[in-house]
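# Analysis of the macromolecular model
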Amino acid sequence: MGEEIVQEIGTRLSKPAAAATSRATLEDIISAVQKYNPEADLDCIRKAYVFCSNVHKGQKRVSGDPFLIHPLQVAMILSEMRMDTVSIAAGFLHDTVEDTLVSVDEIRSVFGEEIATLVDAITKLSKINFSSREKREAENYRKMFLAMAKDIRVIIVKLADRLHNMRTLQYLPEHKQIKVAQETLNIYAPIAGRLGMQEMKIELENLAFATTKPDVWERIERQVEQLKKHSSKFMDKINDIVKRKLVEFGIKADVSCRVKHQYSIYKKMEEQKVEFDQIHDLIAFRVIVDSVKECYECLGIIHSIWKPVHGRFKDFISMPKTNNYQSLHTTVIIEGGHRIEFQIRTRAMHAMAEWGVASHWKYKTGKEVEPKDEIKFRWLRQFMELQKELSDPAEYLDTVRIDLFASEVYVFTPQGQLRELPRGSSPVDFAYAIHTDVGNQCVGARVNGKIVPLRYILRNGDTIEILTSPNHKPSKDWLKFVQTSKARSKIRQYVRIEQRQRSHDLGQDLLEKEFDKYGEKFGHYVKSGAFDQYFHKVGMKDMDQMLALIGYGRLNVTSIVEALIPAEKRKKQLPHHESAISKIFKRAKEKSKGVVRVAGLDDIMVSFGKCCNPIPGDRIMGFITRGRGITVHTLDCPRMLTTDPVRRVEVQWDKMATSMRPARIRVVAVDKTGILSEISQAIASMGINISQANCRSVEDNKAINTFDVLISDISHLFELIKNLEKIRNVISVERVKG
């Protein structure tokens, strides 16, 4: 292979940890900034360095290195991204408020309002006490996204900070490494992708992947190295053919070759349930030209040389992605039946593809995004609008992850207006994207003129017409297939209103019957104002809140009656029969002997949700279920997110309990003789019992094996998955919930 191609592939396949070997100095940063911005305020950068050096003096990182190394590296990353001096200064100062005695006001007095605002937006809410970890996490993200909407540089500095932390992750304890790496995969890498910062996204994903699944990482890296070695001459030939043809037509172009990065390969293997050698588009060529006209000319030339694969052409130039990515993608079949992808773009498009918003100086002014550029950040504006409606931390975090990970499908209204939705969206998602009322009243849909089920998965180019009825209401079943955060939020909102109304009615029925036991009229006490005094005394808002709490089982009617009915009247209790409802609540008072402790409640029955099957170590929440006491779910369980937050209670795993919990894993492997025995032996070697197994062969010579096992906690499960991934011919291992 040509030297240029070898270098391109070699750069992308270097081990992630190698990125942390070099250390920047202040002069390196100054020199880098002078090259792309000779008019830069270098004194501001020097002052930020000196200030940072003084306030962090004596502090050490976990690695034992001086703390100053971290802000230096963050500032260096920002200078490599050609950021402005304000951003680089903020890079130096981003930890000063959180990790030293310096205040935002002090930053403001020394460096001015603009830098102080950036530093404040980047700083975590570590000094504010929240009632739960989830609330802290949700508020941190709220603050970050709100700041992004005002000044996009906030997230760029934050990403640079996260990148250096990922490069030096090996110094943390293993459980903290996995936590930080998983958060990077869940939040920060998708944000980088949303902003078009592809190089940042790739490195964050690879670093996190190497941490969360080191054995799988090593295996894929070895396979990629072998591919590079065996394909060098072949790729060199393709490169020469393309260059020669372009010269014939007078097109000046840079042609290079790349291999998919390791995490991207892993995701494709997981999604398609295939092995490495079954992925067809591992290698791609990139052609960079001077104009849009030449992009389309190159496409025609490449198609004249090799036959294009049907359905594999994408025109992101005429229809850019939400992050403003533009390029032509086509896959062709070359000699031997091999498939090769070509990406064709201009130099300006290439700069945007590599560094996204960081490649555009106009986004570094500290001002809000200009109206003409609004479309590039439309996803952020829509995201912020929806977040205003979400007060529940668990639902907010769920929405963050949905919105960040979404890939797009492009569809049309009957009037020809283009709409962009997450891939996998349904007509219900489309209806809610039009308007909340359209979604709530949706009864059917026509796609391309034909009636389709509401579960229909929309495809690129579909034209959708929504059929509505004013008397129709959302269905809880829609939550099983909708994809957009707006649809989920609005459906959950309606379900909660229904649940609250039912609980309100039940609470009133229970309270009225309790008053009847003493020959008293509930309505009389309401009219007399006795309840108003009671609400003031116990700090309750109103009657609706009280009745709902009774209906949910969180408030005992006996305590209310004792507070309102005089003792002498209560002695005259009338004979009564225990109601069916009372029997239900009585059964729910059985004492829990399980592995979960319920905050503030004793002698309460606890069960586990079969929909998510939580195990010790999972982040959990309980909610009151009529007749079954407290039901425990994982925090990300979709069913829990449909419940009214009033019904939820804080629960914790009892660290003193030694009970084993059931867990289910799915192992996809090559269907070869002896593979089931190897898997079973690996499980047994850890002292883990298999309570049930289901094994079946599927197409493409694969076997899908599902095992129900008994494990002690989440770390036990992770260790099992890690050991199974080491087995040769095992394609993927994953936990199955429900």
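The preceding data block contains the structure.
Note that the coordinates shown come from a computational prediction; the quantities given were computed from them, not determined experimentally.

Turning our eyes to something else, we now look at the overall build of the protein. A count of helices and strands for the protein gives 30 helices and 21 strands. When burial is assessed residue by residue, the protein has 51% of its 738 residues classed as buried. Counted over contacts in the protein with a minimum sequence separation of 6, partners at least 24 positions apart contribute 68%. For the protein, the exposed area adds up to about 35,800 Å²; of that, 50% sits on carbon and sulfur atoms.

In spatial order, the strands read β19-β20-β18-β21; together these four strands make up an open sheet with antiparallel pairing. Unpaired on one side and paired on the other, β19 (689-698) and β21 (730-736) mark the two borders of the sheet. Taking the axes of each pair of neighbouring strands and ignoring which way they run, one obtains an average angle of 20 degrees across the sheet. As defined by bridge partners, β19 adjoins strand β20 (residues 702-711) across nine bridges and the pair is classed as antiparallel. The residue of β20 that forms the bridge with Cys695 is Asn705. In the packing of helix α29 (residues 675-684) onto the sheet, contacts are made with β18 (661-670), β19, β20 and β21, and the angle to β20 comes to roughly 20 degrees. Sitting on the sheet, helix α30 (residues 714-725) touches β18, β20 and β21, and the angle it makes with β21 is about 165 degrees.

A few words on helix α2 (residues 26-36). Taken together, the buried positions of α2 are occupied by Leu26, Ile29, Ile30, Ala32, Val33 and Tyr36. Taken end-on, α2 shows its buried residues confined to a sector of 165 degrees, consistent with a single buried face. Looking at the packing, one finds that the buried side of α2 touches α3 (42-55), α4 (69-80) and α5 (85-93).

Moving on, we get to the side chain of Asp65. Residue placement: Asp65 occurs in the loop between α3 and α4. Polar side-chain contacts of Asp65 include one of 3.2 Å to the side chain of Ser63. If sequence neighbours within four positions are ignored, Asp65 has contacts with Arg23, Gln59 and Lys60.

Attention shifts here to helix α25 (residues 557-564). Residues of α25 that are buried: Val557, Ile560, Val561 and Leu564. Along the long axis of α25, the arc covered by the buried residues comes to 95 degrees, so they all point the same way.

The N-to-C vectors of α2 and α3 enclose an angle of 160 degrees; their axes lie 11 Å apart at closest approach. With respect to their mutual orientation, α2 and α3 come out roughly antiparallel. As α2 packs across α3, the resulting crossing turns out to be right-handed. Here α2 contributes Leu26, Ile29, Ile30, Val33 and Gln34 to the contact with α3, which in turn contributes Leu42, Ile45, Arg46 and Tyr49. In terms of residue class, the contact of α2 with α3 is made up of seven nonpolar, one polar and one charged.

The next subject is the sheet that holds strand β9 (residues 442-447). Hydrogen bonds between backbone atoms are what pair the strands of a sheet, whose relative direction is either parallel or antiparallel. The strand order across the open sheet formed by three strands is β10-β9-β11, and the pairing between neighbours is antiparallel. Each having just a single partner strand, β10 (450-452) and β11 (464-468) make up the two edges of the open sheet. Taking the axes of each pair of neighbouring strands and ignoring which way they run, one obtains an average angle of 35 degrees across the sheet. Strand direction decides the pairing type here: β9 and β11, joined by five bridges, are antiparallel. Following the sheet pairing, Val447 is matched in β11 by Ile464. In the packing of helix α19 (residues 427-434) onto the sheet, contacts are made with β9, β10 and β11, and the angle to β11 comes to roughly 80 degrees.

Moving on: the environment of Cys637. In this fold, Cys637 is placed in the loop between β15 (629-634) and α28 (638-641). On the basis of relative accessible area, Cys637 is assigned to the buried category, the value being 2%. Separated by 28 residues in the primary sequence, Cys637 and Gly609 have C-alpha atoms spaced 9.1 Å apart. Excluding residues within four positions of it along the chain, Cys637 makes contact with Cys611 and Cys612.

One non-glycine residue with positive phi stands out, namely Arg82, at about 65 degrees. Among the structural elements, Arg82 can be located in the loop between α4 and α5. Positive phi, close to 80 degrees, is recorded for Asn729, a residue that is not glycine. Looking at the element boundaries, Asn729 is found in the loop between α30 and β21.

When you tally the buried positions in strand β7 (residues 408-412), you get four out of five residues, the bulk of the element. Summarising the sheet, β7 and strand β8 (residues 418-422) pair through five bridges and their orientation is antiparallel. For Tyr410, the partnering residue across the bridge sits in β8 and is Glu420.

Inspection of the secondary structure puts Asp708 in strand β20. When neighbours within four sequence positions are excluded, Asp708 is seen to be in contact with Ala663, Arg664, Asn689, Ile690, Ser691 and Gln692.

Following the criterion strictly, the structure yields 20 salt bridges and no others. With a closest N to O distance of 3.1 Å, Glu225 and Lys228 form a salt bridge. Highlighted residues: Glu225 and Lys228, both in helix α13 (residues 214-248), separated by three residues, approximately one helical turn. Overall, the relative accessible area of 21% leaves Lys228 in the partly exposed class. The shortest N-O distance in the salt bridge between Arg258 and Glu341 comes to 3.6 Å. Here Arg258, found in strand β1 (residues 254-259), pairs with Glu341, found in strand β6 (residues 339-346); they are 83 residues apart in sequence, far enough to count as distant. The exposure class of Glu341 is buried, given its relative accessible area of 9%.

This next bit is on the environment of Ala703. Within the fold, Ala703 resides in strand β20. Taking C-alpha positions, Ala703 is 8.4 Å from Lys672, a pair spaced 31 residues apart along the chain. If we skip the residues at most four places from it in the chain, Ala703 touches Val667, Val668, Ala669, Asp671, Arg696 and Ser697.

The next thing to look at is the environment of Gln223. Within the secondary structure layout, Gln223 lies in helix α13. The spacing of Gln223 and Asp277 is 54 residues in sequence and 8.8 Å in space, taken between C-alpha atoms.

Here the focus is the packing of α4 against α5. At a closest axis distance of 7 Å, the pairing of α4 and α5 adopts a crossing angle of 160 degrees. As far as their axial angle goes, α5 and α4 are roughly antiparallel. The way α4 lies across α5 gives a crossing that is right-handed. Every residue of α5 that contacts α4 at Pro71, Leu72, Val74, Ala75, Leu78 and Ser79 is listed here: Ser87, Ile88, Gly91 and Phe92. When its residues are assigned to classes, the contact of α4 with α5 shows seven nonpolar, three polar and no charged.

Judged by nonpolar contacts, the single largest core of 109 residues is most densely connected at Phe92, Ile107, Leu159 and Phe342. By residue number, the principal contributor to this core is α13, which donates 10 residues. Sequence-distant contacts of Ile107, that is, excluding residues within four places in its chain, are made with Phe51, Leu93, Thr96, Val97, Val102, Gly112, Ile115, Ala116 and Val119.

What counts and how
Residues numbered from 1 in each chain as written. Predicted model: local features only at pLDDT ≥ 70, side-chain atom pairs only at ≥ 80, totals over all residues. Heavy atoms only, no water. Helix = DSSP H or I, 4+ residues; strand = E, 2+ residues; numbered from the N terminus. Buried < 20%, exposed > 50% of the residue type's maximum accessible area, 1.4 Å probe, protein only. Contact = heavy atoms within 4.5 Å. Areas by Shrake-Rupley, 256 points an atom, 1.4 Å probe, with all protein chains shown as cover. Pairing = 2+ DSSP bridges. Axes fitted to C-alpha atoms, helices over the stretch in contact; angles between N-to-C directions. Arc of directions from axis to C-beta. Polar contact = N/O pair within 3.5 Å; in protein donor to acceptor, adjacent residues only side chain to side chain. Parallel < 35°, antiparallel > 145°, perpendicular 65-115°, else oblique. Left-handed = near helix turned anticlockwise from the far one by under 90°. Nonpolar A, V, L, I, M, F, W, Y, C, P; charged D, E, K, R; others polar. Salt bridge = Lys/Arg side-chain N within 4 Å of Asp/Glu carboxyl O. Core = buried A, V, L, I, M, F, W, Y, C linked by side-chain atoms within 4.5 Å.

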